[in-house]
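Observations on the three-dimensional arrangement
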Amino acid sequence: MLRLTVVFGLLATAYAQYGQNATLDNYIAAQYNISLAGAIQNIGGMNNSIVGDGPSPGAVLASPSTVNPNYFYTWTRDSALTYLMITDELIFGTEKVGNNSLQVAAEYYTAAQAFLQTVTNPSGTFWPAGEGLGEPKFYSNLTRFNDAWGRPQNDGPAFRATTFMEIAEAIYQRNPNAPRLVAQYYWPLILADLNYVGQYWNTSSYDPWEEVNGNSFFSTTAQYRALISGSVWAERLNQTCKPCEQAPEIACFLKNNFWNETGNYLLANINANQVNRSQIGTDPLLGSIHAFDINATCDATSMQPCNSRVLATHKVVVDSFRNLYPINDNATAPSAVAVGRYPEDTYYGGNPWYITTLVCAEVLYDAAAQFRKNGTITVDNTSLAFFQDIYPDAKVGNYSDSATLANYTNAMIKYADGFVQVVEKYTPANGTLNEQINKTTGEPTSAIALTWSFAAFVTAAERRAGKYPPSWGATSDYASNVTSNCSASSYNATYSYVPAYADLAPNISMPLCMKEVLFICNYSTKPGTNIYIVGDNELLGGSLSLDPPIEVLRPGNITADYPWWNTPVWFNASTTVEYKWVLQNQTAMTFAYENMTRTVDVGQCDGEVQRVLDSPAFPSPN
Ligand code: NOJ
Ligand code: NOJ
């Protein structure tokens, strides 16, 4: 009798391990290799690159697709997340993929980004106020992209800084001269992006899906991690990181502003321009896998995968897709289903994505690992419904006995595996992962061979296999500091942005006396129309008749019926600039230039913003 109890006890405590589902294990092993190779193949300068001669070495293409959609560009976000994955592979011991050395790949990326940081673009300049760092995408030959776009996107610099700190970690682990090298080559690159994060975390920008202007949980989490890691690295390298002092404020903001108590989920965006959306979305889940630190506790911050709010969000998000996509066939929990970005999505008809289905698995692999590591699991009123879906006996409580811990975490891993099986079901035989899965036919759709889809598969497979990235500082003293009354603070880094010369950033001229002019256009646009500005200064395109115009303005101060377009531009102080407003009809692709030429006398560099408010009348489009 006694012996049997012991045996059953042992059986009950055994954690679900890999190798239990041979079919799935085989699929994952093969798809992992295909995905890693697939990501590398989309990077310029790599052997066997499928993207030809166009992209510069180290430029990560979003996808080789050139039409429907044209993704032959390099996005700061996609690139950094891909290189974070590549760098973690290096840390886990993968030296080469095919005949590409991952270390060489990282060096290419370093040089490409040091250059890109300094490229003037429609979001602005690098000097003096860093606004150009918020530009979401560039041509793959590292030149500026001038068309209208959802810009700026403030997650980019945060992800890039984090990725360079991960590269620094990889170097540290293999090179005894690391502190000197890292300080010389990587710290300037990192600090430029951290300056941007400290200066702008608190302003609105576009979300990861490039649609919503507001504050995104995903982007804010990326900013938080970057600044905490920045503090840790500054200490390691004997440097200072002033912008990093914003981290306790960001922690406060994340904790207090994104939780929807009634709906029991984390909001994807707040302060947003889209009022008709539930803000249910996979963004918080993507934020939490980025914040994942195997050593973190579940309650210290609100964004670890094992946090109750994140698990509650998992349920709400997944449930929102169960009856939405025909391929999901109204499947109820504990069945996994195909998951999209957010339920109201209409892009390409609104479909499930590989990235967002995989994140539903990865969050649970991470969370289960954290519960096991901590040796305890807490089920509270927030997370109860999530747990009851996958483990009907779930009840509110704290469980540290190994049998109960195993029951809960095994159920989580089984559920997680279900999402990978959904991906398997809709993956073509050659293993190519597109951006989306047609919600009705299950056929892969939208951009082919999406780099981020491949990267998402690799990270999910790593976590399932128990491979966890090094701690980024989630348990450091820096992270224990959370402001209790949030304030709208920021770090003024203007004039502190220094190019990463050691990584061959160009020697851009950095005048010390500049003036910020805020051009504001009092003109009520309809959807499908944009306002541009052209001028004789090179920052406005260099010509009053430039066609098409390049400096698209950002919508700002939007009220329900009155958008004021505005853009800040830093000019040399005490100069004169001639300019014109231009109205674009996006559908007809026509531009109407003002007949008159306007002049602004740029004032002295007194630190004040010079506002220029015009109410143009436009002729009929050309
Ligand atoms: C809308 C999509 O939702 C977004 O993700 C995409 O990047 C842009 N359009 C541009 O194609
Ligand atoms: C559209 C996605 O919404 C965005 O997040 C991504 O950066 C681009 N496609 C490129 O993959």
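About the criteria used
- Numbers given for residues are sequential positions, taken from 1 along each chain in its written order.
- Lettering of chains starts at A and numbering of ligands starts at 1, both following the order in which they are written.
- The predicted origin of the model limits local features to residues at a pLDDT of at least 70 and limits the giving and counting of side-chain atom pairs to 80 or more, whereas totals for whole chains, interfaces and linings rest on all residues.
- Just so you know, side-chain values use all the structure's heavy atoms and leave hydrogens and water out.
- A domain assignment, automatic or from a database, supplies the domain bounds used here.
- Note on contacts: a residue pair is in contact if any heavy atoms of the two residues lie within 4.5 Å.
- When two parts are brought into contact, each loses some accessible area as probed by a 1.4 Å sphere; the total of that loss over both is the buried area.
- Whenever a pair of cysteine sulfur atoms sits within 2.5 Å, that pair is classed as a disulfide.
- The way it works is that DSSP assigns letters per residue, a run of H or I at least four long becomes a helix, a run of E at least two long becomes a strand, and they are numbered from the N terminus.
- We call a residue buried when its accessible area falls under 20% of the maximum for its residue type, exposed when it is over 50%, and partly exposed in between, using a 1.4 Å probe and counting protein chains only.
- The near set for a molecule or strand comprises every residue that places at least one heavy atom within 4 Å of it.
- Contacts described as polar in this section are N or O atom pairs within 3.5 Å, which, within protein, must combine one atom able to donate a hydrogen with one able to accept it, while residues neighboring in sequence count only if both atoms come from side chains.
- Only the protein chains shown count as covering a residue, and every accessible area follows the Shrake-Rupley method with a 1.4 Å probe.
- For this scheme, ten residues count as nonpolar: Ala, Val, Leu, Ile, Met, Phe, Trp, Tyr, Cys and Pro. Four count as charged, namely Asp, Glu, Lys and Arg, and the remainder, Gly too, count as polar.

With that settled, the discussion passes to the domain arrangement of the protein chain. Under the domain assignment, the protein chain is made up of domain 1 (22-480) and domain 2 (511-614). Here domain 1 and domain 2 have C-alpha centroids that lie 34 Å from each other. Taken together, the contacts link 17 residues of domain 1 with 15 residues of domain 2. Of the roughly 1300 Å² buried at the junction of domain 1 and domain 2 (both faces included), carbon and sulfur atoms supply 55%.

Note: disulfide means a covalent bond formed between the sulfur atoms of two cysteine side chains. What the rule picks out here adds up to four disulfides. The disulfide partner of C252 is C486, and the gap between their sulfur atoms is 1.9 Å. Where C252 bonds to C486 through sulfur, the torsion about that S-S bond is close to -95°, and the disulfide is left-handed. Residue C252 is found in helix α8 (residues 247-257), and its partner C486 is found in the loop between α14 (451-464) and β14 (514-521); the two are separated by 234 residues along the sequence. Judged by its relative accessible area of 0%, C252 is buried.

Glancing now at the site of ligand 2. In the vicinity of ligand 2, 13 residues are found, and the nearest of them are Y71, R77, D78, P208 and R341. Here an oxygen atom of ligand 2 and a side-chain polar atom of R77 are 3.0 Å apart. Taking R341, its side chain carries an N or O atom lying 2.9 Å from an oxygen atom of ligand 2. Its free accessible area being 290 Å², ligand 2 has 98% of it covered by the protein chains.

In this section: the site of ligand 1. In the neighbourhood of ligand 1, the contacting residues comprise W149, W209, E210, E211, R341 and Y347. Between ligand 1 and W209, the relevant distance is 2.9 Å, taken from an oxygen atom to a main-chain nitrogen or oxygen of the residue. Separating an oxygen atom of ligand 1 from a side-chain N or O atom of R341 is a distance of 2.6 Å. With the chains in place, 76% of the 290 Å² that ligand 1 exposes on its own is no longer accessible. For the shell around ligand 1, the class distribution of residues is three nonpolar, no polar and three charged.

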